[in-house]
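# Inside the fold
Each chain, letter by letter, is given below.
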Amino acid sequence: MKYESQAVAKPYFIAAIGLFLGQILFGLIMGLQYVVGDFLFPAIPFNVARMVHTNLLIVWLLFGFMGAAYYLIPEESERDLFSPKLALAMFWIFLVAGAATILGYLFVPYATLAEMTGNDLLATMGREFLEQPLPTKVGIVIVALAMLFNLSMTVLKGRKTAINLVMLVGLWGLAIFFLFSFYNPGNLVKDKFYWWWVVHLWVEGVWELIMGAMLAFVLIKVTGVDREVIEKWLYVIIAMALITGLIGTGHHYYWIGTPEYWQWWGSVFSALEPIPFFMMTVFAFNMVNRRKREHPNKAAVLWALGTGVMAFLGAGVWGFLHTLAPVNYYTHGTQITAAHGHMAFYGAYVMVVITMISYTMPLMRGREANSPVAQVVEMWSFWLMTIAMVFITLFLTAAGILQVWLQRVSTEPMPFMAAQDQVALFYWMREVAGLIFLVGLLLYIVSFFIKGKAATAT
Amino acid sequence: MWFFILAELLVFGVFFLAYAFARMRNVELFNASQLELDRISGAINTILLISGSYFVVRAVDQIRHDRSRACAHWLIAAMACGGTFLILKLVEFGAKFEAGINMSTNTFFMFYLGLGFFHFMHVILGMVILGAVALKAWKGGYSASNYGGVETGAAYWHMVDLVWIVLFPLIYILN
Amino acid sequence: MTTATFQWLTLVTLTALTFSVAETGLSGSSILIPVLLATLLKGRLVIDRFMALQGVSGPWRWVVLGWLLLVLGLIAYTFLYS
Ligand code: HEM
Ligand code: HEM
Ligand SMILES: [Fe+2]
């Protein structure tokens, strides 16, 4: 760590990991509810658990991005953060708001929560991923703006590199597209249309910039490859991501009442979306193969490579699988979508945040890398979580194919719930894989507490 | 830059083929709708883009001989071609909208307007790139030993031209 | 006259030819082949001469020419078999 102020990233990362654990626990609860319908009923109904699961995911990833930004931007700008105090204040505001929101979901009926928090004034709630009450949404905007101010000032006064510019543009985009969550037209078609401007343009647009910048940052550090080479890659990757991702939004406009031409535009552009993800994989491996040093933090290198591969599989391959309109006609909103959503989120954003944590945490704790024992445990957690996620994806895909077949292709289509009964076996297997994922996550947390002689550069 | 150009060619290529295969399933509609296009405007636009490309070639030639100002002049001439192209295209599209035709009219017009608009945006981007190169050339930013930037900008512009060279016969002529 | 000017004239002539073929009102495969050949020639001129890819080592020239051939070839296919 070069600058004192980079240490504000630490509470962000710790909170991120804590919330990650919460997310997985609720995932497991839901996974069980899929097969044991009345599990925990009426204490935690499925819809509440689902909301908690997905919102925790988004919130902890945001914590991760923010922490990463507070670490990366000062280092790239070669100066201290503009205001570490502001960054720390924002951390607490975000954490308290996030916790209050989750507790609200769990202990207050959603309709009451909506009433209590002024949803009558400006109705924004009740839409997947954007369920947060109005005050929370406003809080997110304030926290984001304060962060952007803080980071922009740092960059303005310091060195400007491709990495910190891309990171900053990505974060600005994140904040700007979030504003569409305040727009909730009564017309359901329009509502959905703009809803995707948050959801899709986040994960297949501006978040890719954030991811690219984080990956490039860690790769420079652990491989020692020349900055020029890495920056060139970064530019090409983000250009491709934006060309394909922006109009690629059309792959959500096939059947929601939007004009038919979206079937063409969405199919063609989104079919090319795997390219930037593929390039990211090639990028990571290429840089590691050309490395000029052996960084003692082997675990971080492993996470970086894993990000490349898993993001390509989850977003690129599983995304392509159902992105062409004629295919999506059958798979829309089935377990295939869920399979893709899980692997893409894990492979791209979970893993890139962990890559960053894995690289920076030892530095913030005063060593270049963790002890070999701790790293071995961390690598075990890598393999357990990653393999478990591959299996979750495969089981959900199998369930999805069967579901499509029974419910949509067959000449005598089954009703939804009857088809669900037929695929219960896969849901059981998903739950088992989920438990293994939990074990991996716990090991990951344990790895932070393992002492031992620090590894040194070789 | 070459990577970028290839990516663009890929996008256009996929769209051209989408057009061709969509047409296979609906030949009458495509042929009938095509008759409503303004072929003359399309042909003039082709000449404009070809000439723009030619001017860009001349610009690169000038900078090889270390003539910065002349290079900038040729680039500006190319941009003028691009600008005229844009105006003609707007007139053409305007006439179609006037006639009540839009992207939802039928598949043929979806492609005609959609591809045309997408290419239109590329002409604008190409002009912006040429403009930046011209400005730098004017200020003496390039020389006979250092003109990579001019060549790169030129390559992008030729790509925009190349795409139109395929687009014009495909959408305006062949039936 | 420079070679570039000559190439430009060739391109203009080919465009004029393409246009006049369409004006004759002919249709079908009788115009398909000449028009596509003219397009191929024009594309090649732009790629090899204007983009100056002829003689460049590495895969770029073949990738771009391949693109042109593939697109025109498949267009020919769909027009012939429809
Ligand atoms: C890291 C990047 C990505 C993430 C995190 C992600 C995540 C998701 C999620 C969570 C959904 C479900 C949304 C819902 O609730 O309805 C979804 C849907 C979808 N995604 Fe992605 N995705 C990513 C990249 C991609 C890519 C690159 C493609 C295409 C190549 C793609 C294609 C699709 C399609 C077609 C759907 C709609 C499925 C349906 O109709 O039900 N995604 N994605
Ligand atoms: C222990 C592992 C996990 C289990 C058992 C699990 C289970 C579930 C279940 C049952 C749903 C609800 C699907 C529905 O509405 O029908 C869900 C949704 C979701 N989960 Fe998980 N989850 C797990 C881990 C994760 C992880 C690690 C991520 C992100 C990296 C994640 C991201 C999501 C997303 C984005 C959705 C919404 C998907 C959609 O609508 O398609 N989950 N999960
Ligand atoms: Fe999407």
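Read on for a plain summary of the structure.

### Overview of the overall build of chain B
- Looking only at helices and strands, chain B has 6 helices and 0 strands in total.
- Helices and strands in chain B line up, N terminus first, as α-α-α-α-α-α.
- Taking the principal axes of its C-alpha atoms as reference, chain B extends roughly 55 × 30 × 20 Å.
- Counting all 175 residues of chain B, 58% fall into the buried class.
- Taking contacts inside chain B between residues at least 6 apart in sequence as the whole, the part at least 24 apart equals 81%.
- As displayed, chain B has an accessible area near 6,500 Å², and 65% of this comes from carbon and sulfur atoms.
- In chain B, 11 positive and 10 negative side-chain charges are present, and the distance between their average locations comes to 6 Å.

### A word on the site of ligand 2
Residues and elements named next belong to chain A.
- Neighbouring residues of ligand 2: 23 residues in total, closest Gln23, Tyr34, Arg50, His53 and His342.
- Take Arg50: an N or O atom from its side chain is 2.4 Å from an oxygen atom of ligand 2.
- Going through the elements one at a time, helix H1 (9-35), helix H2 (46-77), helix H13 (335-364), helix H14 (372-409) and helix H16 (424-447) are the ones with two or more residues in the shell around ligand 2.
- The leading source of residues in the shell around ligand 2 is H1, at 7 residues.
- Looking at side-chain class alone, the shell around ligand 2 contains 13 nonpolar, 7 polar and 3 charged residues.

### Digging into the site of ligand 1
All names here are of chain A.
- Close to ligand 1 lie 26 residues, the nearest being Glu128, His332, Gly333, Thr337 and His340.
- Take His332: an N or O atom from its side chain is 2.5 Å from an oxygen atom of ligand 1.
- The separation between a nitrogen atom of ligand 1 and a polar side-chain atom of His340 is 2.8 Å.
- Elements represented by at least two residues in the shell around ligand 1 include exactly helix H7 (188-223), helix H10 (274-289), helix H11 (298-321) and H13.
- With 7 residues, H13 is the single largest residue contributor to the shell around ligand 1.
- Partitioning the shell around ligand 1 into residue classes produces 11 nonpolar, 12 polar and 3 charged.

### Focus: the interface of chain B and chain C
- Opposite the 37 residues of chain B that make contact, chain C presents 40 residues.
- When chain B packs against chain C, close to 3,500 Å² is buried across both sides, 84% of that on carbon and sulfur atoms.
- Among the residues chain B hides against chain C, the three largest losses belong to Trp2(B), Tyr54(B) and Leu174(B). Together they make up 17% of the total.
- There are 1 salt bridge connecting chain B and chain C.
- A salt bridge links Arg39(B) to Glu23(C), with the nearest nitrogen and oxygen atoms 2.7 Å apart.
- Across the contact surface, chain B and chain C share 6 residue pairs in polar contact (both at pLDDT 80 or more).
- Contributions of two or more residues to the side of chain B that touches chain C are made by helix H1 (2-24), helix H3 (39-64) and helix H6 (148-173) of chain B.
- A per-element tally of the side of chain B that touches chain C places H1(B) first, with 12 residues.

### Here we look at the interface of chain A and chain B
- On the chain B side, the residues contacting the 14 residues of chain A number 17 residues.
- Between chain A and chain B, a total of about 1,400 Å² is buried, with carbon and sulfur atoms accounting for 92% of that surface.
- When the buried surface of chain A facing chain B is broken down by residue, Tyr261(A), Trp264(A) and Trp265(A) rank first, second and third, together holding 43% of it.
- Taken together, the connections running from chain A to chain B amount to 0 salt bridges.
- Counting the contacts that link chain A with chain B gives 0 residue pairs in polar contact (both at pLDDT 80 or more).
- When contributions to the side of chain A that touches chain B are tallied by element, the ones reaching two or more residues are helix H8 (227-248), helix H9 (262-271) and H10 of chain A.
- By residue number, the principal contributor to the side of chain A that touches chain B is H8(A), which donates 5 residues.

### Re the coordination of the iron atom of ligand 2
- Surrounding the iron atom of ligand 2 are the protein donor atoms His53(A) (NE2) and His342(A) (NE2), at 2.0 to 2.1 Å.
- Classification of His53(A) as buried rests on a relative accessible area of 11%.

### Comments concerning the environment of Pro362(A)
All names here are of chain A.
- Within the element layout of this structure, Pro362 appears in helix H13.
- Separated by 361 residues in sequence, Pro362 and Met1 have C-alpha atoms that sit 9.3 Å apart.
- Once residues within four sequence positions are removed from consideration, Pro362 is found in contact with Asn297, Ile357, Arg367, Glu368, Ala369 and Asn370.

### A short note on the coordination of the iron atom of ligand 1
Residue and element names in this part refer to chain A.
- Inspection of the coordination sphere of the iron atom of ligand 1 shows a single protein donor, His340 (NE2), at 2.0 Å.
- A separation of 4.3 Å is found between the iron atom of ligand 1 and the iron ion (ligand 3).
- Here His340 is to be found in helix H13.

### What to know about the arrangement of the chains
- The protein chains that touch form 2 pairs of chains, and the pair with the most contacts between them is chains B and C.
- One finds no contact linking chain A with chain C; the least C-alpha distance across the pair is 15 Å.

### Some words on the pattern of salt bridges
Residue and element names in this part refer to chain A.
- In this structure the tally under the stated criterion is 13 salt bridges over all chains.
- Put simply, Glu76 and Arg227 hold a salt bridge, and the shortest N to O gap is 2.9 Å. Here Glu76, found in helix H2, pairs with Arg227, found in helix H8; they are 151 residues apart in sequence, far enough to count as distant. This pair shows no difference in class: Glu76 is buried, exactly as Arg227 is.
- Between Lys292 and Asp226 there is a salt bridge, and its shortest N-O distance comes to 3.0 Å. Of this pair, Lys292 sits in the loop between H10 and H11 while Asp226 is found in the loop between H7 and H8, placing the two residues 66 residues apart along the sequence.
- Taking the relative accessible area as the measure of exposure, Asp226 reaches 36% and is therefore partly exposed.
- Among the ionic contacts, a cluster of salt bridges with common partners joins Glu76, Arg227 and Glu231.

About the cut-offs
Residues numbered from 1 in each chain as written. Chains lettered and ligands numbered in written order. Predicted model: local features only at pLDDT ≥ 70, side-chain atom pairs only at ≥ 80, totals over all residues. Heavy atoms only, no water. Helix = DSSP H or I, 4+ residues; strand = E, 2+ residues; numbered from the N terminus. Buried < 20%, exposed > 50% of the residue type's maximum accessible area, 1.4 Å probe, protein only. Contact = heavy atoms within 4.5 Å. Areas by Shrake-Rupley, 256 points an atom, 1.4 Å probe, with all protein chains shown as cover. Lys, Arg positive; Asp, Glu negative; His and termini not counted. Charge placed at Lys NZ, Arg CZ, Asp CG, Glu CD. Near = heavy atom within 4 Å. Polar contact = N/O pair within 3.5 Å; in protein donor to acceptor, adjacent residues only side chain to side chain. Nonpolar A, V, L, I, M, F, W, Y, C, P; charged D, E, K, R; others polar. Buried area = accessible area lost by both parts, 1.4 Å probe. Salt bridge = Lys/Arg side-chain N within 4 Å of Asp/Glu carboxyl O. Donors = N, O, S within 2.8 Å, 3.2 Å for Na, K, Ca; no water.

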